[in-house]
Amino acid sequence: MTLLRRLTAVGSALLTAAALALLRPAPAVAVPTDAELALRWAPVHYQDTAAADYDADYLSTVDYDGEWDTLNNWEHQDDVLSRLTGGAYYSVVETATHWFLVYAYYHPRDWEDFPDPFGLFTHENDMEGVLLTVRKDGSTFGRLEAMVTVAHNDFYSYVPAGGTYTSGRETVDGTLLMQNVDGVAHPTTFQEAKGHGIFRWNGANFPGGDGVVYLPDATTAEVPSSGNDRSVAYGLTDTFAPGGLWARRADPITFAGPGTFRGDNGADNAANSPWGWDDQNDGGDIPRGLLATDPAYLVSTYFANEGSFSLTYTRNAYRG
């Protein structure tokens, strides 16, 4: 065979291979389950503790005492400390462009270390949390773009280093720090002692030097060994699980009203679930609970420069 014929044959074979490669579909990206997404992005959670009552700052779940009656959670909090295993509730809703993950952290008491006979500073049950915005970028778990945290009656906004989001209606309050766990970068959060407002972790030590570092875990939930334990596993519970938090939203044993837990220690009925969280001054078009039930809209107003950003849900169990 002449050199020209050889080159022609090789060129033809290469063109055929290239054509077949174009026709062959690209490998499918694995679609993660909600539990996998929640574990992948679950925060490394820095929980401050107060020396006056360390264990009142340990994370738990609403039914930590084996039942869902929230009128006795204050009283049962310190009965059996081994029941205070670390946990968080999560929910996932999605649009064509993003996943929105809410993590809710529960404590039986919002407390103070001084008497509060008029219920001005304390209340039974306490749930505050975090909203993460994750872009579907073609990878299995996407890319984290923003975080909004809940601290009492205010929300705070954060963007990871290198992120494109800027201040919108609300001001970006700082840079979201990431921390590796087994080689995977997770967002970090900081929760106050006693009142339990949540913010980004700023990389500093705990106020007073003592606190608990909770690490997300797929199979294990632990109780801190003390108020200064720097590695405690916490588990994740689906908010939409059968018989779980959302399923009980109309149960008068647990809730006094939509999104509000029953409680009679300190201020009555003063703690809220994610669909009851509210920022006191972010505008009338962002009503109570929207952080959970319509996070796409909330994020689109809180931030600017989001790029391609759909407001239409492909699934949202908060909306039925």
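Conventions we followed
- Residues numbered from 1 in each chain as written.
- Predicted model: local features only at pLDDT ≥ 70, side-chain atom pairs only at ≥ 80, totals over all residues.
- Heavy atoms only, no water.
- Helix = DSSP H or I, 4+ residues; strand = E, 2+ residues; numbered from the N terminus.
- Buried < 20%, exposed > 50% of the residue type's maximum accessible area, 1.4 Å probe, protein only.
- Contact = heavy atoms within 4.5 Å.
- Areas by Shrake-Rupley, 256 points an atom, 1.4 Å probe, with all protein chains shown as cover.
- Lys, Arg positive; Asp, Glu negative; His and termini not counted.
- Charge placed at Lys NZ, Arg CZ, Asp CG, Glu CD.
- Salt bridge = Lys/Arg side-chain N within 4 Å of Asp/Glu carboxyl O.
- Patch = residues over 30% accessible without salt bridge, like charges linked within 9 Å, V, L, I, M, F, W, Y side chains within 5 Å.
- Core = buried A, V, L, I, M, F, W, Y, C linked by side-chain atoms within 4.5 Å.
- Pairing = 2+ DSSP bridges.
- Phe/Tyr/Trp six-rings, centres within 6.5 Å; stacked < 30°, edge-to-face > 60°.

### Observations concerning the overall build of the protein
Looking only at helices and strands, one finds 5 helices and 17 strands in the protein. A buried classification covers 50% of the 320 residues belonging to the protein. Long-range contacts, defined as pairs at least 24 residues apart, comprise 64% of the intrachain contacts of the protein with a sequence gap of at least 6. Roughly 14100 Å² of accessible area belongs to the protein as shown, and the carbon and sulfur atoms make up 55% of that amount. The positive charge centre, built from 19 side chains, and the negative charge centre, built from 42, are 17 Å apart in the protein.

### Here's the deal with the pattern of salt bridges
In total, this model carries 14 salt bridges according to the counting rule given. Residue Lys194 pairs with Asp113 through a salt bridge whose shortest N-O separation is 3.6 Å. Taken together, the residues span a long stretch of sequence, with Lys194 in the loop between strand 10 (184-191) and strand 11 (198-200) and Asp113 in the loop between strand 3 (98-110) and strand 4 (123-135) at a distance of 81 residues. For the salt bridge of Arg143 with Asp137, the shortest nitrogen-to-oxygen distance reads 3.6 Å. Salt bridges sharing partners connect three or more residues here, namely Asp34, Glu94, Lys136 and Arg315.

### Looking at a negative patch on the surface
Together, Glu75, Asp79, Asp264 and Asp268 give the surface a local cluster of negative charge. We classify Asp268 as exposed; its relative accessible area is 52%.

### Section: the nonpolar core
Formed by 71 residues in total, the largest nonpolar core has its most connected members in Leu101, Tyr103, Met127, Leu245, Leu291 and Leu298. Tallying contributions element by element places strand 3 first for this core, with 8 residues. Membership of the second largest hydrophobic core comes to 5 residues, among which are Ala50, Ala56, Trp111 and Ala193.

### Overview of the environment of Arg83
Here Arg83 lies in the loop between helix 3 (73-76) and strand 2 (87-95). For Arg83, a relative accessible area of 26% translates into the label partly exposed. A C-alpha to C-alpha distance of 22 Å links Arg83 and Asp264, two positions 181 residues apart in sequence. If we skip the residues at most four places from it in the chain, Arg83 touches Tyr64, Asp65 and His76.

### A closer look at the pairing of strand 3
Sheet faces and side chains relate simply in a regular strand, where the side chains alternate between the two faces. Most of strand 3 is tucked away: 13 of the 13 residues are buried. Hairpin connection of strand 2 to strand 3: 2 residues between the antiparallel strands. As judged from the 12 bridges shared by strand 3 and strand 4, these two strands associate in the antiparallel manner. Residue pairing for strand 4: Tyr105 is matched across the bridge by Glu128.

### Re helix 5 (residues 295-302)
Of all 8 residues in helix 5, 6 are buried; the element is thus mostly enclosed. Along helix 5, the residues that are buried comprise Pro295, Ala296, Leu298, Val299, Thr301 and Tyr302.

### Concerning the environment of Asp251
Mapping Asp251 onto the fold places it in the loop between strand 13 (232-238) and strand 14 (255-257). Linking Asp251 and Asp69, residues 182 residues apart in sequence, is a C-alpha distance of 9.7 Å.

### A closer look at the packing of aromatic side chains
Under the criterion given, the structure shown has 17 aromatic pairs. Plain terms: the ring middles of Phe100 and Phe309 are 6.1 Å apart, the flat faces sit at 75° to each other, and that makes the pair edge-to-face. With a gap of 209 residues between them, Phe100 in strand 3 and Phe309 in the loop between strand 16 (303-304) and strand 17 (313-315) connect regions that are remote in the sequence. The pair Phe100 / Phe309 is uniform in exposure class, with both members buried. Ring centres 6.5 Å apart and planes at 40° place the aromatic pair Phe190 and Phe206 in the tilted group.

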